[in-house]
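# Reading the structure
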Amino acid sequence: MRRLQTVIFDFDDTLVYTYKLFLEATYEFMDAMKKMGLYDDELFKVLDDFDIKNIEKNGGFLPENFPDAMRQTYRYYCNKYKHRPDVIVEESLQKIGWGVFEKEHELLPDAESLLEELKRSHALFLLTQGHKETQLKKIATSGLAVYFEQIKVVQQKNIQTYQGLIKDFELIPKDTWMIGNSIKSDINPANACGINCILLNATASWDFDKDILKADCFVAKNLAECKYIITKGG
Ligand SMILES: [Mg+2]
């Protein structure tokens with residue numbers, strides 16, 4: 001028999017810190033660029049814009065998007081400041097981007113205790129977007145996989161994604177919660193399908209995740225607040 005309520009969790013910046021690893025690599029990249037005189041106030045935005053454009057160009061969240069954005073930014077600045085591009089330098093800059101995927105993802109406070117407690121009375125699902133192999137490796141390393149009945153890695157989270165999930169997992173939207181940090185991928189589309197939503201603002205978030213909040217949702221600043229909202233029944 002299906003338990004009364006279901007909770008769908010996002011992974012990155014909901015259960016584990018992800019954006020801060022990208023930020024650390026971004027600052028390392030900016031330092032390296034500064035040492036070469038390839039630096040101005042636009043640098044952070046130029047890198048971010050290339051990274052976001054790569055999602056569209058490569059058809060999703062591929063691991064190469066970020067290191068490629070570093071190469072593209074280097075080329076852009078070489079051209080802007082009439083600096084001759086160097087292949088070796090380019091490779092070393094890309095390595096900073098690839099390094100993000102080697103780092104261990106730290107759990108958010110209360111991540112494990114929240115899952116442990118909710119699992120007793122709720123069916124838990126994990127819905128994460130990104131490159132399948134990369135995401136599954138991260139989830140396995142986190143040790144959190146054991147708490148979920150199903151784990152789904154998708155390229156994008158839109159209204160169709162949530163409609164598919166409701167159908168595949170036989171979910172009742174009004175008895176289902178979505179917890180995530182992305183207005184664009186977690187909250188607006190899930191809420192459009194009638195799912196109860198909690199927007200988690202516990203970490204710094206990537207600009208890509210931002211959007212105009214159309215959903216009628218709860219907002220929590222940490223996972224303990226999410227637990228309180230769900231156990232109170234909203
Ligand atoms: Mg996220």
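Remember, predicted model here, so these are calculated numbers, not experimental data. (Residues numbered from 1 in each chain as written. Predicted model: local features only at pLDDT ≥ 70, side-chain atom pairs only at ≥ 80, totals over all residues.)

## Focus on the pairing of strand β3 (residues 150-154)
The test is simple: Between any two strands, pairing holds if DSSP finds at least two bridges. Secondary structure elements follow DSSP: runs of H or I of four or more residues count as helices, runs of E of two or more count as strands, with numbering from the N terminus. The crossover handedness rule: strands pointing away from the viewer, path from first strand over the helix to second strand clockwise, crossover right-handed.
Note that strand β2 (residues 122-129) and β3 share five bridges and pair parallel. Looking across to β3, one finds that Thr128 is bridged to Val153. On the question of chirality, the crossover connecting β2 to the parallel β3 by way of helix α6 (residues 132-142) is right-handed.

## Things to note about the pairing of strand β5 (residues 196-200)
Where we set the bar: Think of it as a crowd count around each C-beta: if 20 or more other C-beta atoms lie within 10 Å the residue is buried, if 12 or fewer it is exposed, and in between it is partly exposed, with C-beta placed from the backbone throughout.
Of all five residues that make up β5, five are buried, and the element is covered over most of its length. Burial of β5 is two-sided: the residues Asn196, Ile198 and Leu200 facing one way and the residues Cys197 and Leu199 facing the other way are all buried. Sheet topology note: the strand β4 (residues 176-180)/β5 ladder contains four bridges and is parallel. When the sheet's bridge partners are listed, Met178 is paired in β5 with Cys197. Assessed by its sense of winding, the connection that carries the chain from β4 through helix α8 (residues 183-192) to β5 is right-handed. Bridge analysis of β5 against strand β6 (residues 218-220) gives three bridges, and the strand direction is parallel. Bridging across to β6, Leu199 finds its partner in Val219.

## Some remarks on the packing of helix α5 (residues 111-119) against helix α9 (residues 223-231)
The geometry of a pair of packed helices is captured by two quantities: the angle between their axes and the separation between those axes. Our working definition: Convention adopted: a line fitted to C-alpha atoms gives each axis, helices being fitted over their contacting stretch, and angles between N-to-C directions are expressed from 0 to 180 degrees. Any angle that is under 35 degrees is reported as roughly parallel, and any over 145 degrees as roughly antiparallel; angles of 65 to 115 degrees are reported as roughly perpendicular and all others as oblique. Helix crossings are classified by the rotation of the near helix relative to the far one: an anticlockwise turn of less than a right angle makes the crossing left-handed, while a clockwise turn makes it right-handed. Note on contacts: each residue gets a C-beta atom placed from the backbone, and two residues are in contact if those atoms are within 7 Å.
Here α5 crosses α9 at 20 degrees, and the two axes come no closer than 9 Å. Here α5 is positioned roughly parallel relative to α9, judged by the angle of their axes. Helix-helix and strand crossings are classified by hand; for α5 and α9 the assignment is left-handed. Judged by residue contacts, Ala111, Leu114, Glu117 and Leu118 of α5 engage Leu223, Cys226, Lys227 and Ile230 from α9.

## Observations regarding the packing of helix α7 (residues 159-168) against α8
Under the convention used in this document: Side-chain classes are defined by residue name, with Ala, Val, Leu, Ile, Met, Phe, Trp, Tyr, Cys and Pro counting as nonpolar, Asp, Glu, Lys and Arg as charged, and the others, Gly among them, as polar.
The geometry of α7 relative to α8 is characterised by a closest axis approach of 8 Å and an angle of 60 degrees between their N-to-C directions. Judged by the inter-axis angle, α7 sits oblique to α8. Seen along the crossing, α7 lies across α8 with a hand that is right-handed. Across the interface between the two elements, Ile159, Thr161 and Tyr162 from α7 touch Pro189, Ala190 and Ala192 from α8. Its residues assigned to classes, the contact of α7 with α8 shows five nonpolar, one polar and no charged.

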